[in-house]
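# Understanding the architecture of this molecule
In case you want the letters, here they are:
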Amino acid sequence: VSFVDVVASSGSMIVISNRLPFVLQRNKDGQLVRKASAGGLVTAVAPVVINGNGFWVGWPGLHLENPDEPMPESDPDDITPTAGLKSNKVIPVQIDPKVFDSYYNGCCNATFWPLFHSMPDRASFKGEHWKNYVTANKEFAECTLKALRQLPKNAADVPLIWVHDYHLMLAANWIRQFSEDENIPCKLGFFLHIPFPPWDIFRLFPWSDEILQGMLACDMVGFHITDYCLNFVDCCQRNLGCRVDRKNLLVEHGGRSVRVRPLPIGIPFERFVELAEKAPKVISTNQKIVLGVDRLDYTKGLVHRLLAFEKLLEKHPEHLEKVSLLQVAVPSRTDVKEYQELKEEMDQLVGRINGRFTTPNWSPIRYIYGCISQDELAAFYRDSAVGLVTPLRDGMNLVAKEFVACQINIPPGVLIVSPFAGAGETMHEALICNPYEIDDASEVIHRALTMPEDERILRMNYLRRREKLNDVNYWTKSFLSAMGSLQTQEDYDDIG
Ligand code: G6P
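What comes next concerns the included structure. Model, not experiment: these values are computed from the prediction.

What counts, and where the lines are drawn
- Residues numbered from 1 in each chain as written.
- Predicted model: local features only at pLDDT ≥ 70, side-chain atom pairs only at ≥ 80, totals over all residues.
- Heavy atoms only, no water.
- Helix = DSSP H or I, 4+ residues; strand = E, 2+ residues; numbered from the N terminus.
- Rg over C-alpha atoms; globule rule 2.2 N^0.38 Å.
- Areas by Shrake-Rupley, 256 points an atom, 1.4 Å probe, with all protein chains shown as cover.
- Lys, Arg positive; Asp, Glu negative; His and termini not counted.
- Charge placed at Lys NZ, Arg CZ, Asp CG, Glu CD.
- Near = heavy atom within 4 Å.
- Polar contact = N/O pair within 3.5 Å; in protein donor to acceptor, adjacent residues only side chain to side chain.
- Nonpolar A, V, L, I, M, F, W, Y, C, P; charged D, E, K, R; others polar.
- Salt bridge = Lys/Arg side-chain N within 4 Å of Asp/Glu carboxyl O.
- Buried < 20%, exposed > 50% of the residue type's maximum accessible area, 1.4 Å probe, protein only.
- Pairing = 2+ DSSP bridges.

It is worth spelling out the overall build of the protein at this point. Of regular secondary structure, the protein possesses 18 helices and 17 strands. For the protein, whose C-alpha radius of gyration is 23 Å, the value lies close to the compact-globule estimate of 23 Å for 496 residues. Considered along the principal axes of its C-alpha atoms, the protein spans approximately 70 × 50 × 50 Å. Total accessible area on the protein is roughly 20800 Å²; 49% of this is exposed by carbon and sulfur atoms. Distance between charge centroids for the protein: 1 Å, based on 52 positive and 63 negative side chains.

Here it is, written out as structure tokens:
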């Protein structure tokens, strides 16, 4: 059964996420144009929306002075999956810029992001930000209702509303209320792309009950791994006193039984293989490359990683002039103080380590602060000896998966992952490295650099096979299955 057949038969879907699958920009003539996004989520979910004749609700990345200004269609050269998403199927959410700033930079990125990554000392708790989070979620919900009203009424096709991520944990509340009040049935599903923390961390948030109630307004709540599911179930029981079934992952709330499911996300595996096959060589050196690719974010363990690499050079001088760390840090959330401070710290640390070890023909660290193209990225992944994915905490981490997809050279390189990333749970043949223990981390990098070819081949084969099978289309199907939205037995058999 092809992916497209499955999604075509799954009925209408409304996706609601903070960002639309493209951003709006003004060209030099002042006209609105779309800039497509190439993310894996977009690749998997866009066909479901397009084939199911549904809608995508989200923030267009730009404040429109005139909210009635027509949305542009996709560029004729656009070959990304969103090209088929017509402008009348997109609902751009417009929120007052001050409210948006407090919701996005404040509540989402200065509170939920650190808290859910178990870093409460970095979190700020402000009533004003929470108030604006509530307002923004209500706005997203109202836009979703606009979409729901426009869908043709058909008893055989109950629309599926798929809410994404920590930006929108309350939205389902209003959507459910409306659908009950106006007797327009819908099914509601939520997926959290970041970790869900243990109760003792979660309860630090002053309005934690409201968060749980918002998520429980859905029929199904999905997380990457079982640990996050169990944390959520635990919080529902301890905060709200819900009856829960840990074995079957069920929570009773408001007279309904809410399903909780681990749904580990995958990547568009074949697309990365194709990119790696076509991408020209960009690294021209005989030195071995240890590669890191991350948004510049304190959860990614970048400072620890640089220190571990420095330790490696200290303890194993045989790698001097033979190995370089290539670190790509993509600018992110630059309006938030913690991100600005991390940028400073990285600049200093890279300078110090390079100053200490650089010789006329070699520098230990090559540091790119900026965005790179998909082709360049695939070439980096393909031509590196070691992929270093060592976050302090991470919901899943797709870089680990993209790295193995692009490892098409024989013999391949070695993947190192942190046990504190969702990817560390499932990518069993990677080398596991605790990023907090700098000394040991340096030894793991040494082990990867000196691993025999046979072992590298064996490990990489298993890793690639698993990611190819459990790709992002499989993830979307698993979500539809968990929502009871697959229509044929064959589709269900496919999920296993
Ligand atoms: C994480 C979140 C996404 C978010 C992305 C980039 O992966 O789970 O929802 O879109 O980071 O962050 P940004 O704040 O730029 O959207």
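Quick look at the site of the ligand now. Every residue lining the ligand is accounted for by Arg19, Tyr104, Trp113, Asp165, Tyr166, His167, His193, Ile194, Arg295 and Arg333. In the model, an oxygen atom of the ligand is placed 2.7 Å from a nitrogen or oxygen of the Arg19 side chain. One nitrogen or oxygen atom from the side chain of Arg333 is found 2.9 Å from an oxygen atom belonging to the ligand. For the ligand, whose free accessible area comes to 380 Å², the fraction covered by protein is 70%. For the shell around the ligand, the residue count by class is four nonpolar, two polar and four charged.

This part is about the pattern of salt bridges. All chains considered together, the criterion is met by 28 salt bridges. Here Glu69 and Arg26 are joined by a salt bridge, their closest N and O atoms 2.9 Å apart. You can see Glu69 sitting in the loop between β4 (55-59) and β5 (90-92) and its partner Arg26 sitting in strand β2 (residues 22-26), a full 43 residues away along the chain. The exposure class assigned to Glu69 is partly exposed, which follows from its relative accessible area of 22%. Salt-bridge contacts for Arg295 lead to Asp297; the nearest nitrogen and oxygen are separated by 3.2 Å. Looking at Arg295, the relative accessible area reads 26%, which means it is partly exposed. Connected via shared salt-bridge partners are Glu310, Lys311, Glu314, Arg352 and Arg356.

Let us now look at the pairing of strand β11 (residues 256-262). Strand direction decides the pairing type here: strand β8 (residues 220-223) and β11, joined by four bridges, are parallel. Looking at the pairing, Gly222 lines up with Arg261 of β11. Pairing of strand β10 (residues 250-253) with β11, which is carried by four bridges, proceeds in the antiparallel orientation. Among the inter-strand pairings, Glu252 is bridged to a residue of β11, identified as Ser257. Joining the antiparallel neighbours β10 and β11 is a turn of two residues, in which Gly254 adopts a positive phi near 55°.

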